[in-house]
Amino acid sequence: MIKEVKNGVLYFDGCNTVELAKEYGTPLYLMSESDIVGQFTQLKDCFLSKYTNTRVAYAAKAFSPMAMFAICQREGMCIDVVSGGELYTAMKIGFPAERIEFNGNNKLPCELEAAIDYGIGRIIIDGLQELALIERICREKGKKVQVLYRVTPGVKSDSHDYIVTGKKDSKFGIPLDEDVIFPAVEAAIASDYVDFLGFHFHVGSQLHDNGSHLQALDIILNLVKQVKEHLGYDVTELNLGGGFGVVYTDENRKPYSYFMTPMMEKIEGFFTDLGVVRPAIVIEPGRSIVAEAGISLYTIGSIKDIRGVRKYVSVDGGMTDNIRPALYQAQYRGVIANKADAEPTETVTICGKCCESGDVLIRDIGLPEAEAGDTFAIFSTGAYGLTMASNYNKNPIPAVVLLKEGSHKLIVRRQSYEDMLACEVLPE
Ligand SMILES: Cc1ncc(COP(=O)(O)O)c(C=O)c1O
Ligand SMILES: N[C@@H](CCCC[NH3+])C(=O)O
């Protein structure tokens, strides 16, 4: 049991969360290594070990400390980076270059140069000008890189509009208009500076239905067929992106096999019929690896009961460590960690300490009576919490503690006020 209650106290991966709050301070992110490894194990069982020539590239944007990259390295995973900063993190720990893939709709020349210098495995080209930019850099450096094209399949997905990426009106990917995509593929095939491997799509995030993945896959397989027919070229790699949904409140999380099995069956059947060796298949899960492995801990402070309206319970963090409720109206569950088995007696709203009315973490949650000094725990905050954290109101970014079966270690130290001032210069 990753989460359990003992003597009224919430334990996570064998650790007493109230003690952790005292030892490391709050706000605090906890990450369960056991849960992260458990997700990788499930992917190994239903995908990596079941089918040859497959890879998982963890989408680092979900949670990107060096320690996470090290877990990926140890577990034999690849990683998907989307910025010079994520790439630098990988380089810092000596992450094997060939296991890094680079995504992004506006990769900067300096980012591409660093990636090509490091010898990264793949660049996922996201727009028409990017090929020329990569070719120029490779020409100057006397290098060659492996590339895929990210395409927009033009499918709808059932998720928040801000995290849907597969529709045609998107800043990501290349549209599938014939007069756009075929010349682009021809140019990549003909290039002396890139090896063109195939196609990439990512339909969106936090999906609980495999429909849009399967629809996008059909579209991409049709493209593969057309590329063979028109250009006589067999692709050697397909990347199906990530997007697999997790539990925040009462969602019905589907196992990875719910997505992977029908996709792999479709792919295997298609290439058998085409009489072509199946290309390598890559996926890029981010959220599903780390979201449920995270808990955020806060200390309750001011409590305001606006009679007949709402009771606000304030915590010592907020939108600075978890922007998702404010940005996507995301919903979370939580408990008072030191009263974890007490019955709810009132409905309250958990708000942060930032100067924004929208700084609400959980609206209308049933809790036992909250008191100043209680430790409040919010579940499923492991993805896109720390990585989207900000210094708004000059609040320092919290520490991260990695838990494993009762042991705990600091993997990101809490920012100090000095850290926040470190880049500032006072004019003479
Ligand atoms: C290209 C790409 N790959 C992977 C991901 C990871 O998605 P998720 O965290 O939903 O698995 C994203 C983000 O949505 C993405 O844009
Ligand atoms: N940041 C988003 C996910 C972005 C996915 C990347 N394209 C979230 O928290 O849900």
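Please refer to the structure placed before this passage.
### A few points about the pairing of strand S8 (residues 122-125)
Stage number 1. Every second residue of S8 is oriented toward a common face, with Arg122 and Ile124 on one face and Ile123 and Ile125 on the other, all of them buried.
Stage number 2. Note that strand S7 (residues 100-102) and S8 share 2 bridges and pair parallel. Among the inter-strand pairings, Glu101 is bridged to a residue of S8, identified as Arg122.
Stage number 3. Remark: the S7/helix H5 (residues 109-118)/S8 crossover connection has right-handed handedness.
Stage number 4. Relative to strand S9 (residues 145-152), S8 runs parallel, the two being bridged by 3 bridges. Residue pairing for S9: Ile123 is matched across the bridge by Val147.
Stage number 5. As for the winding sense of the linkage, the β-α-β connection from S8 through helix H6 (residues 130-141) to S9 is right-handed.

### Remarks on the site of ligand 2
Stage number 1. Lining the immediate environment of ligand 2, one finds Lys61, Ile163, Arg287, Arg324, Tyr328, Tyr384 and Met388.
Stage number 2. At a separation of 2.6 Å, an oxygen atom of ligand 2 approaches a polar side-chain atom of Arg287.
Stage number 3. Between ligand 2 and Tyr328, the relevant distance is 2.8 Å, taken from a nitrogen atom to a side-chain nitrogen or oxygen of the residue.
Stage number 4. For ligand 2, the accessible surface in isolation is 310 Å², of which the surrounding protein chains cover 86%.
Stage number 5. In terms of residue class, the shell around ligand 2 is built from 4 nonpolar, no polar and 3 charged.

### Some thoughts on the site of ligand 1
Stage number 1. Taken together, 15 residues lie around ligand 1, and His202, Ser205, Glu284, Arg287 and Tyr384 are the ones closest in.
Stage number 2. At a separation of 2.4 Å, an oxygen atom of ligand 1 approaches a polar side-chain atom of Ser205.
Stage number 3. Contacts to ligand 1 include Gly286, whose backbone N or O atom sits 2.8 Å from an oxygen atom.
Stage number 4. Considered on its own, ligand 1 offers 400 Å² of accessible surface; in the complex 94% of this is hidden by protein.
Stage number 5. The class makeup of the residues in the shell around ligand 1 is 3 nonpolar, 7 polar and 5 charged.

### A few points about the packing of helix H7 (residues 178-190) against helix H8 (residues 211-231)
Stage number 1. Two elements in contact, H7 and H8, have axes whose closest approach is 11 Å; the angle formed by their N-to-C orientations is 65°. The handedness of the crossing between H7 and H8 is right-handed. Mapping the contact onto sequence places Glu178, Ile181, Phe182, Val185, Glu186 and Ile189 in H7 and Leu223, Gln226, Val227, His230 and Leu231 in H8.
Stage number 2. Residue composition of the contact of H7 with H8, grouped by class: 7 nonpolar, 2 polar and 2 charged.

### A look at the layout of surface pockets
Regions of empty space are outlined by a rolling probe, equal in size to a water molecule, passed over the atoms.
Stage number 1. Taken as a whole, the second largest pocket encloses approximately 390 Å³ of empty space.
Stage number 2. Every residue lining the second largest pocket is counted, 16 residues in all, and those nearest its centre are Ser64, Pro65, Met66, Thr89 and Val412.
Stage number 3. Broken down by secondary-structure element, the contributors of at least two residues to the lining of the second largest pocket are helix H4 (84-92) and strand S21 (407-412).
Stage number 4. When its residues are assigned to classes, the lining of the second largest pocket shows 9 nonpolar, 4 polar and 3 charged.

### Observations concerning empty space enclosed by the protein
Stage number 1. All told, the structure shown has 1 cavity of 30 Å³ or more when counted by the stated rule.
Stage number 2. Considering only enclosed or pocket space, the largest cavity measures out at about 30 Å³ in volume.
Stage number 3. As for the largest cavity, its lining consists of Tyr29, Ser296, Asp321, Asn322, Arg324, Tyr332, Thr381, Ala383, Tyr384 and Gly385.
Stage number 4. For the lining of the largest cavity, the residue count by class is 4 nonpolar, 4 polar and 2 charged.

### Section: unusual backbone geometry
Stage number 1. With an omega of -5°, the peptide bond between Thr26 and Pro27 qualifies as cis.
Stage number 2. Positive phi is not limited to glycine here, since Ser380 has a value of about 60°.
Stage number 3. Mapped onto the secondary structure, Ser380 falls in the loop between strand S19 (375-379) and strand S20 (399-404).
Stage number 4. For Ser380, a relative accessible area of 6% puts it in the buried group.
Stage number 5. For Tyr384, which is not a glycine, the phi torsion comes out positive at approximately 55°.
Stage number 6. Within the secondary structure layout, Tyr384 lies in the loop between S19 and S20.
Stage number 7. By relative accessible area, Tyr384 is classed as buried at 16%.

Parameters and conventions
Residues numbered from 1 in each chain as written. Chains lettered and ligands numbered in written order. Predicted model: local features only at pLDDT ≥ 70, side-chain atom pairs only at ≥ 80, totals over all residues. Heavy atoms only, no water. Buried < 20%, exposed > 50% of the residue type's maximum accessible area, 1.4 Å probe, protein only. Helix = DSSP H or I, 4+ residues; strand = E, 2+ residues; numbered from the N terminus. Pairing = 2+ DSSP bridges. Right-handed = clockwise from strand over helix to strand, strands pointing away. Near = heavy atom within 4 Å. Polar contact = N/O pair within 3.5 Å; in protein donor to acceptor, adjacent residues only side chain to side chain. Areas by Shrake-Rupley, 256 points an atom, 1.4 Å probe, with all protein chains shown as cover. Nonpolar A, V, L, I, M, F, W, Y, C, P; charged D, E, K, R; others polar. Axes fitted to C-alpha atoms, helices over the stretch in contact; angles between N-to-C directions. Left-handed = near helix turned anticlockwise from the far one by under 90°. Contact = heavy atoms within 4.5 Å. 1 Å grid on protein atoms, 1.4 Å probe; cavity = no way out; pocket = protein on both sides within 12 Å on 5 of 7 lines; lining within 4 Å. Points joined across faces, edges and corners; volume = space filled by probe spheres on them.

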